[in-house]
Each structure stands twice: as C-alpha cells, then as structure tokens.
Amino acid sequence: MLDLATPTISERSALKINPAKTCQPIGAMYAALGIHSCMPHSHGSQGCCAYHRSHLTRHFKEPVAATTSSFTEGASVFGGMANLQQALINIFSIYNPEVVAVHTTCLSEVIGDDIPTIIKKAREEGKIPEGKTVIHANTPSFVGSNVTGYSNMCVGIVNYLAEKSGESTEAINIFPGWLDPSDMRELKRLAEELGVKYTLCPDTSDVLDLPQTGVYEMYPKGGTPVEAIKRMGDAIKTVALGEFTAHAAAQKLNDKCGVPFEALDAPIGLTNTDLYIDALRRIAEVDVPASIDAERGRLLDVIQDIGQYFHEVPVAIFGDPDHVVAMTRFAIELGLKPKYIFSGATGRAFENRVHAILDGRFPDAIVKQQGDLFELHERIKADPVKLILGNTYGKHIGRAENIPLVRFGFPILDRVGHRLFPTVGYRGAMHLVEKISDALLDQRDRTCPEEWFELVQ
Amino acid sequence: MSTEATIPTGTIEEVEGVTPDALREQMLKGLPSKTLRKRAKQIVSNDPETPPEIGANSRTIPGIITQRGCTYAGCRGVVIGPIHDILHITHGPVGCGYYSWMTRRNLARVPEGQTNYMQYCMTTDMQEDHIVFGGEKRLAEAIREAYRLFKPKAISVYATCPVGLIGDDIHTVCRLAKEELGINVFGFSCEGYKGVSQSAGHHIANNGVFKHMIGLDDTPNDAKYKINILGEYNIGGDAWAIDELLKKCGISILATLSGGVSYDEIINCHQADLNVVMCHRSINYMAEMMETKFGIPWFKVNFIGADSTAKSLRKIAKYFDDKELIDRVEEVIAAELAVLRPIQAEIKAKHQGKKAAIFVGGSRAHHYQDLFGDIGIETVSAGYEFAHRDDYEGRDVLPNIKVDADSRNIEELDVEPDEARFRPRISPEAKQKLIDAGFAFSDYLGMMREMKKRALVIDDISHHELEHLIKTWKPDIIGSGIKDKFIIEKMGVPCKQLHSYDYGGPYASFAGAINFYKEIDRMLSTKVWSYVVPPWVKDRKAAAPEAPAEEQKAA
C-alpha cells in the first residue's frame, strides 16, 4: 500500500504524483446542474464528458446527464463549430432543456473555438429554439483546477442571465460555492428559519439528491430557475460563500448589476456559520429566532462535552481550497492542531487565506497550494498526524499509516453520508463533530492497551 | 460462417405487447433527420442466420448522450493501465491522469519485491505556459524525476488531447530517456480525439505493447501447456478465477493481457503455445500480430457463463490434443459443475423467463448473455459501447468493412515472421484436422449469431433510446455502466454494472458464475422496490396513481 513514499520530501519540478485536484470542466458541469432544466455540455472529446459524468455519478450516486461535442481528429483540426451546432440541434430536439450550459475543454481551448460566436450563429440560423437559453464558460483544463471551472461557470451564469430591471426583489442572493446538495438544502433551511427572502444559485438540491420514486425525470424540480437567476440583478445584496468558488460570481454580479456583496468563507463550523447567519440577518434586518440560537447552543455543548479528545490532536486537511479553508477554522475551534493543510489549487491566495486563519498560532503548520498527496504522505511519514480530513483519495494514506480518515469535500466515492447529511451550518458542524469523534475514539478503542480500554468516555 | 455456431431458435415476436420493430420506430421517431439516418443504421432487428449490417465504430453524434469514452481511456485506462509494475505517466493537464487513477477495477496482487504503480497517478499536470511553449522539456524532466525517485523497470507515457495539438514529440522524448536512463521507456499517441471511441485506444495500446514489450525476454519456459489469455482485464478478480481454474486443469498462463499481470510476464509471453482471446474487440490485433511474428495460433474463448466456460476448457484441451489433459479437463468440469448445478437450478427456478438488456463494452454485452441465460433470463436487447461490425456480425465480415478516415488514422503495424523465433505451434496437418472437425481458429462469431431472431441490437445506445426501451419493454434487469446505472434504477429497474461489477465479482469461471447467479438473485429478489409507494398513498384523497413522484413530494 503506497510503499513508495519515504520520510524524505522529494524534490520535483515536473512530476505531479497523486494530485489533490482535477481539471476545470467537472466543476463547470457540476455548477450547471444547479440551474433548473439545464443540460451541461462539454465542448471537446467525448472522453472528458464521460470522465466527468462518471466521477460526479460516483460521488452523488445519482443520474448525471450531460452531452458532448464528441470531437474527432477532423474537428480538432478544423474547429468544433459544426459539432457544437449539431449538438445544440440534437439536445433541444431530443432532450428539450430550458438551458444548455456549454463549457470548454483543453482541446477546444487549444484550437481556439470562439463559443459566443458559435452560439450567436446557431441562434441566427434557428438552431436554438425560441425562448431557450445557451450560456457558456471557458474552462481550459491547463489553468487552475476543478474549483476554477465551478467558479467560471457561476460567472458565466451571471454574465449571460442576471439582469437589472431597477425593481428590487428585496431578496438576498446566495452563491453557495462548491457544496453538496445536502449543504445547499441546509443553507436554504437556515435562510428560511431566519425568514429571509433569498435566491440560491446554483442549487443542486432536488437535482442530485433525489428520492426513489420509481420515476426518472431528466430535469427534476430542483435547480435555480432561469427567471430567478435573471432577477438576481435586482437583489439587495449578495452573500458569497467561498473565495475560490463563489466570490468571482458575486463580483461579476456587482460589476454587471451593481449588487454589492459580502465575501465569506463556506459556512463550515461554528464561526463560519455565525458569519453566514449574521450576514443574512443584518442584510435582511431581521432578528435571529431563538430556534437558531438553540441549534448553535447544542453544537457548542457537544464541542465542550467531547473537546478533551480533540485537544491538540495533529491533523492533516486536504482537498478543494474553500473546503480546506473553512475546515481549518473549524478544526481550530474544535481544539485540533492543523499540521498539514494542502490543496491542489493553484495560487498563493489559498496559502494567504489559511495563514490568516492560523494567525501565527501554529508555527509548525505546513500550508501548501499546488500540493499533491504524495508529498502529503511523505510529510506524514516524516512527522505523523493522528487524523486526516479530506476526500476519498486520502484512504490509501490512511491505511498505509494507520490514521483515521474522516471524509469530507469532493469527491467521496466510497461512503454515503455526504448525500444525506450536511457539513454546513450548526447541524452540519454537529454531524462533523460526531464523525471526527467517532473516528478518533474508534481508533483509540481499536489500538489502546487493554487496561486503558474503557466502557465510558 | 464458422462451423462452431449454434444458431438459437425462436423469435422475439414482442415484449410487453410491443414488437421490436415498433420499439425501434419509437426510438427513432422525432429525431432530427441527420441523427435519425445515422441511428437507424445503429439499431437493427437481429437475424442470427444472416446477421444484418449494423452501423458500428462510426462517429458519435454530438449531443446525443453517449456512453462512450475516448482513445486515451481505451489505451491508458483499459489495456496498459493494469500492468502494475510499469510506471505510468500521463502527459497533459491534470484531469486525464486523475480520472484514470484507480477508477477501473483491474485488480492486482503484487508479489514481494515488485511495485504497484496502479495506486499512483503520475502526470505532468501541464499548465498554460507548457501549452504555449511546448511540454517536451517538462515531460523529459518528469520521466527523470520518476526514475530518480522510484527506479522502475519501465516507464510508459500517454499523450492527451492538447499534447497532440501542440505537437509535443513524446516518442523522441521517450527514446532519449531510454538511452539516458537505460530502462525501457515508451510512449502512446493516444490523444482523446483520435478514432471514435475507446476502441482506437485499444488498437494503439496493442501496437505499443507489441513494439515495446512483446518478445524482449527469450527465457524458455518448460511448462507443458502454456497459454496466454488475451483481452482479460481482471475486473473484480476475473483473471484470478480463470487462472485458478486452468491451474486445476494443469494449464499454465504465462501472461494475461492485461490484468493481474507484470511487465516481466508480458516480455516473456511469446513463449506460449497458444493465445486464447476473451475480449476480441480490444485485443484481436495482438493475437494476429503474435501469430504472424511468432507462430502462436489464437482462438476465441469465453469464461463467462458455466456452459461457455466448459466449452472453452474443452476447446483448449482439444487444441493440445493430449489425452491426459482432455481427461483432466473433464474431471475438473465435472467437479465444478457438481457444485454449480444445484445452485444454478435453484436460482433459475425463481427467475426463469425474466428479461435482460445489456449495453456495455465490446464483448461483455455478448458474454454476459450466457450468464443470464444460465439462470433462465433472456436478453431481449443488447449492444456494445465501442465495438466494430465484426463483434456484432462475426469476423467473416471483416473484408466487407469500409475503413473510414477515423480508423485510417490509427496505425496498422506491418508485422513479418521473426526468422529466428517463428515456430509453428501446431503442424499444418494437425491444424487442418482440427479445422475439418469443426474447430475454429482466428475467428469470432459475433454477438448476433447467438441472439434470437428479432432481438433488438443497439450500437452505442443513447440515453433517449434507453429510456424508451425501459418504459416500453420493461426489462427485469439491465447490465450497463456507472453513467446509466442510477438513471435505470430511478426508473425502478435494477442495474448491474458490467464495467465495475458494482464492486463485486469475480464472475468468470464456474466459481464466478455462482457469484453472479447469487448477485442477480439478490438484485431481483430485493424488497426495496416494493417499498417505493408509501402505504398511505392509496387513501390519499387527491391521489394520482400514475405519478408517484408527485405524491411523494406532496407528502
């Protein structure tokens, strides 16, 4: 099991081993699924679409419909206009979505297909039915990572759809960043509990967490409707939850329609949820109901009750940057000791953001953008941790080093909880506290000397 | 047509009151004209006596929701990926390497002293400046770093779409690295846009394995009955199950291409006396090339299904024409079937007459019909994801297949007999005697000859067609892949993934067949589907029985 890693940190400049990221288009595909009645379309080789659909399906265990331009060598030489136009005809005739959300791939980016021109031409030639919408985002795989693709599609959604009529909706826009449907559902529940009028976009709840009814619907009831997205330009304010997956869309909406925004982190953990609740109540000028105080209090109570087992436990946190940033703050709240904080994302912004949260209190912590899991493994071998917080790709390190892995983030390919229970909000935090304490105590129960194996803890 | 064909009797007149032709019309109705013309060729009503021509291995229609993947997936993911002790480097942006990292269930048991590189995703993670200025230097450095850190015996490099477009010469980089490092380093130009599906990647992989690995180690092997299994990928441990079975018979497998296999086994596997082919589609090129160069004959086998497994074992024994082996094989079959038959009978009694549909791969949609058939389940519709006409209609159709531009782009190696190493494994007389007795070499019957008349054969099924099939013919179970699984199950039909086996298996050999019977019995007997409608729905005043989804929402 992963026996190549040694305690020496290898010097590499060209070889990435076990990346902690993937490429842009999967993020664009996921974001597009959060628009109601939307067909994500991958403009490139069909393998990209197949890989992204497969991976999203493995994570959600739900149908993921998406189409592809199915480039062949000819299209790669002469451009993909004919393929995209034919795809649009087929998609609208056969699958009849309200929206087609096109994203590019490294292939169509390298050949330089001009998507807006192709869409314009298709519309002029009547290949896009009246009343139907086609939007796009450029998502070159050789720039950024999966979160960039998510962010770019969110920007594309705003760019194409949001409008300002001048008549206020009195609503708050919420850009949730890359979260699971269970999280989106929880964000909405909290907003409703506060009595706040809101538009969540994208919204994958009721799209990728469907009940078993015996009936398949290609476009289930969930997803943000185009009409609602259009009116986002008339909102009073935007709350954007995540620097890497939400802030750019909020900025775009501000630039385009003059809707100001508050830039927060993903509401994972106590403080991050406080900031979310506080932003909503300030903007909407409402009182926070006692029911939310009670939820918060129950979370705090359980943290206090079980905190002794978290105290100074060294932890490695890895995954997508918004998840890791928010989780790092929560880990500190729990009393854990962040030791390795890795993201595959590119750019110093991630490291700066994490250092701001660590606030000099963890001088030994190693924070790494463009990190890969091989280096994480090497570092763990050199100086171990007692807990790993990350996605399923951490399971090999966990097994090799006998360290419990608590799964969170994307993707989770081998467990089901993320589909059912949120990680955001106070309830999400309670769920995480349960998972983390279970993992630490199970490990202790399995490995401690018998005389210290206790019934009560 | 091969003398081995057993034409199935009977006709599928109709299913759920709808004829195959009517269902076909339903699928095609309303498609845009260009799409309709193309799909009409890819959906045919079967005739096992004279299989009709089917549109296959043709370009995927943009926008139709296909199952298909790309050339890179077929090359790196399917054929080369399972070789566990080669260090694999994907040259390209991060995604291609990432998605082909441990997602296919080609399992490996790694002997002490060997390394399992399958748990690692190594990629050059190309960034924008490499796209602009070229990625050759980065690739060369990545190979150097990989060697410095891990000292592998071989490094294999895979090109992704942008690499081909910007013109990185991966083969020169590999050649120079080979000279510099003194280990085997080779590359595959398997850019995703080549060909029309994974199939092109299989061909490119076959060529590369043949050029860069086959025949490198001439160490003699003195085992008595030496064979290779070609086109077996050890999904869910299938290759191990076959290996175990053949060992019981006294047959040695030198290499399984490519599943549960090491580099050393592959470079020595030309010492075998026979190649048997499981997946014709993905590896028939290798079988042909090894026969031409080394004189190793090949024939098609199928270890999926009890009767097919027995038939395949007997065929191998007959080829070696040794009474001791023939007797041993009969003993093994008798012992295995003694265990299998009662289980098969019990499960068959429960499910006899149920209907399956299978849409997967380039051979599994055919092979798994045997397994379903073992327990009385008839396959009423089937199709491949990336097969060619010969996989449907039989290999004798090969001379009639028009080679289009997409196939022409894939290199055909010019293979000559190796003067020093060519050795006929069977005398021409003995071979002719077998052929005269009905023994088929270098042949594949195809799927259609073994399906009932008017069964609906659908190449590269699209989502739209699958929905019609389920709603109209209501199959009891469907064999498909991850992208379709939850669509099918949302419609209330159990779906067995036949790429990943839903993380179960093995299903090959007699032992595997028992696993499969039990798994299908579980899927068809589960109570979960009976709970779909909540108990109060029947009493609901505003009940709308035809739309349980709406009822649940209202609840």
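Just so it is clear, the structure is predicted and the values come from calculations on it, not from any experiment.

## What to know about the overall build of chain B
Across its full length, chain B carries 22 helices and 14 strands. Compactness check: chain B gives a C-alpha radius of gyration of 24 Å against a globular reference of 24 Å for 555 residues, within 12% of the reference. Taking all 555 residues of chain B together, 64% fall into the buried category. Residue pairs in contact within chain B that sit at least 24 positions apart in sequence constitute 76% of those at least 6 positions apart.

## Some thoughts on the interface of chain B and chain A
Contacts between the two partners involve 78 residues from chain B and, on the opposite side, 76 residues from chain A. Summing the contributions of chain B and of chain A, the shared interface buries around 6900 Å²; its carbon and sulfur component is 64%. With 8 residues, the top contributor of residues to the side of chain B that touches chain A is helix α6 (residues 136-150) of chain B. Grouping the constituent residues of the side of chain B that touches chain A by class yields 40 nonpolar, 22 polar and 16 charged.

## A word on the sheet that holds strand β6 (residues 172-175) of chain A
Strand pairing in a sheet is mediated by backbone hydrogen bonds. Such pairs are either parallel or antiparallel. Residues and elements named next belong to chain A. Read from one edge of the open sheet, 4 strands run β7-β6-β8-β9, paired in parallel fashion. At either end of the open sheet lies a strand with only one pairing partner, and these are β7 (198-200) and β9 (261-264). With strand direction ignored, the average angle separating the axes of adjacent strands in the sheet is 15 degrees. For β6 and strand β8 (residues 237-241), the ladder comprises 4 bridges, and the chain directions are parallel. Its bridge partner being in β8, I172 is matched across the sheet by K237.

## Considerations on the sheet that holds strand β10 (residues 314-319) of chain A
Residues and elements named next belong to chain A. Ordered in space as β12-β11-β10-β13-β14, the 5 strands form an open sheet in which the pairing is parallel. Looking at the sheet topology across the chains shown, the edges are occupied by β12 (366-368) and β14 (405-407). Averaged over all pairs of adjacent strands, the angle between strand axes in this sheet comes to 20 degrees, irrespective of strand direction. Here helix α18 (residues 425-447) sits on the sheet and contacts β13 (387-390) and β14; the angle it forms with β14, its principal contact strand, is near 160 degrees.

## Describing a positive patch on the surface
All names here are of chain B. There is a patch of like positive charges on the surface, built from K34, R37, K41, K402 and R408. Per-element tally for the positive patch: the top contributor is helix α2 (residues 33-42), with 3 residues. With respect to the helices and strands, the residue R408 is situated in helix α17 (residues 405-408).

## With respect to the pairing of strand β8 (residues 274-277) of chain B
Residue and element names in this part refer to chain B. Along β8, one buried face is formed by L274 and V276 and the opposite face, lined by N275 and V277, is buried too. Here strand β6 (residues 225-230) pairs with β8 via 4 bridges, running parallel. Paired with L230 across the bridge in β8 is V277. In this structure, β8 lies alongside strand β9 (residues 298-300), joined through 3 bridges in parallel fashion. By the bridge assignment, V276 is partnered in β9 with F299. In this region the chain leaves β8, passes through helix α12 (residues 280-294) and returns to the parallel neighbour β9; the handedness of that crossover is right-handed.

## Some remarks on the packing of helix α13 (residues 321-334) of chain A against helix α14 (residues 348-358) of chain A
Residues and elements named next belong to chain A. The interhelical angle for the contact between α13 and α14, taken along N-to-C directions, is 10 degrees, at an axis separation of 10 Å. Relative to α14, the element α13 is oriented roughly parallel. In this structure, α13 uses P321, V324, V325, T328, R329 and I332 to contact α14, whose residues at the interface are F350, R353, V354, I357 and L358. Its residues assigned to classes, the contact of α13 with α14 shows 8 nonpolar, 1 polar and 2 charged.

## Some words on α6(B)
Residue and element names in this part refer to chain B. For α6, built from 15 residues, the straight-helix expectation of 21 Å at 1.5 Å per residue is met to within 8% by its first-to-last C-alpha distance of 21 Å. Taken residue by residue, α6 has R138, L139, A142, I143, E145, A146, Y147 and F150 as its buried positions. The first or second residue beyond α6 is K151, which carries a positive phi of 45 degrees.

## Digging into the nonpolar core
Grouped together as the largest cluster of nonpolar side chains are 324 residues, with contacts concentrated most on Y276(A), I143(B), I155(B), I227(B) and F303(B). Setting aside residues no more than four positions away along its own chain, I227(B) makes contact with L246(B), I251(B), S252(B), I253(B), L254(B), A255(B), A272(B), L274(B), V276(B), I316(B) and F320(B). Counting residues in each nonpolar core, the second largest holds 5 residues, with F71(A), A75(A), L107(A) and C161(B) among its members.

## Topic: the pairing of strand β5 (residues 184-188) of chain B
All names here are of chain B. Most of β5 is tucked away: 5 of the 5 residues are buried. Here β5 shows two buried faces, one formed by N184, F186 and F188 and the other by V185 and G187. As paired elements, strand β4 (residues 154-159) and β5 share 5 bridges and run parallel to each other. Residue pairing across strands places V157 opposite G187, the latter belonging to β5.

## Here we look at the domain arrangement of chain A
All names here are of chain A. According to the domain assignment, chain A consists of domain 1 (24-143), domain 2 (172-288) and domain 3 (294-452). A straight line from the C-alpha centre of domain 1 to that of domain 2 covers 25 Å. Tallying the contact residues gives 21 residues for domain 1 and 23 residues for domain 2. Counting each side, the surface lost to burial between domain 1 and domain 2 is near 1700 Å², with a carbon and sulfur contribution of 69%. Ranking the residues of domain 1 by area buried against domain 2 places Y30, H36 and E62 at the top, with a combined share of 35%. Counting across the domain 1 and domain 2 interface gives 0 salt bridges. If you look at where domain 1 meets domain 2, you find 10 residue pairs in polar contact (both at pLDDT 80 or more).

## With respect to the pattern of salt bridges
Residue and element names in this part refer to chain B. Tallied over the full model, the rule gives 76 salt bridges over all chains. A salt bridge links D406 to R59; the shortest N-O distance between them is 2.6 Å. Residue D406 is found in helix α17, and its partner R59 is found in the loop between β1 (43-45) and α3 (71-80); the two are separated by 347 residues along the sequence. Judged by its relative accessible area of 5%, D406 falls in the buried class. According to the relative accessible area criterion, R59 is partly exposed, its value standing at 38%. Of the charged contacts, one joins D502 and K485 as a salt bridge, the two residues approaching to 3.2 Å between their closest N and O atoms. With D502 in the loop between β14 (495-497) and α21 (509-525) and K485 in helix α20 (residues 482-490), this residue pair connects regions lying 17 residues apart in the sequence. No difference in accessibility class separates D502 from K485, as the two residues are buried.

## Quick look at a nonpolar patch on the surface
Residues and elements named next belong to chain A. On the surface, a cluster of nonpolar side chains totalling about 300 Å² of accessible area is made up of V416, L420 and F421. The topology assignment puts L420 in helix α17 (residues 417-420). The exposure class of L420 is exposed, given its relative accessible area of 56%.

## What about the packing of α3(B) against helix α9 (residues 198-212) of chain B?
All names here are of chain B. Interhelical geometry of α3 versus α9 gives an angle of 50 degrees and a closest axis separation of 6 Å. With respect to their mutual orientation, α3 and α9 come out oblique. Crossing geometry of α3 relative to α9 is assigned as right-handed. Contact residues: α3 offers T71, A73, G74, C75, V78, V79 and I80, while α9 offers Q198, A200, G201, H202, I204, A205, N206 and V209. Of the residues assigned to the contact of α3 with α9, the class counts are 9 nonpolar, 6 polar and no charged.

Definitions and cut-offs
Residues numbered from 1 in each chain as written. Chains lettered and ligands numbered in written order. Predicted model: local features only at pLDDT ≥ 70, side-chain atom pairs only at ≥ 80, totals over all residues. Heavy atoms only, no water. Helix = DSSP H or I, 4+ residues; strand = E, 2+ residues; numbered from the N terminus. Rg over C-alpha atoms; globule rule 2.2 N^0.38 Å. Buried < 20%, exposed > 50% of the residue type's maximum accessible area, 1.4 Å probe, protein only. Contact = heavy atoms within 4.5 Å. Buried area = accessible area lost by both parts, 1.4 Å probe. Nonpolar A, V, L, I, M, F, W, Y, C, P; charged D, E, K, R; others polar. Pairing = 2+ DSSP bridges. Axes fitted to C-alpha atoms, helices over the stretch in contact; angles between N-to-C directions. Patch = residues over 30% accessible without salt bridge, like charges linked within 9 Å, V, L, I, M, F, W, Y side chains within 5 Å. Areas by Shrake-Rupley, 256 points an atom, 1.4 Å probe, with all protein chains shown as cover. Salt bridge = Lys/Arg side-chain N within 4 Å of Asp/Glu carboxyl O. Lys, Arg positive; Asp, Glu negative; His and termini not counted. Charge placed at Lys NZ, Arg CZ, Asp CG, Glu CD. Right-handed = clockwise from strand over helix to strand, strands pointing away. Parallel < 35°, antiparallel > 145°, perpendicular 65-115°, else oblique. Expected span 1.5 Å × (residues − 1). Core = buried A, V, L, I, M, F, W, Y, C linked by side-chain atoms within 4.5 Å. Domains from an automatic or database assignment. Polar contact = N/O pair within 3.5 Å; in protein donor to acceptor, adjacent residues only side chain to side chain. Left-handed = near helix turned anticlockwise from the far one by under 90°.

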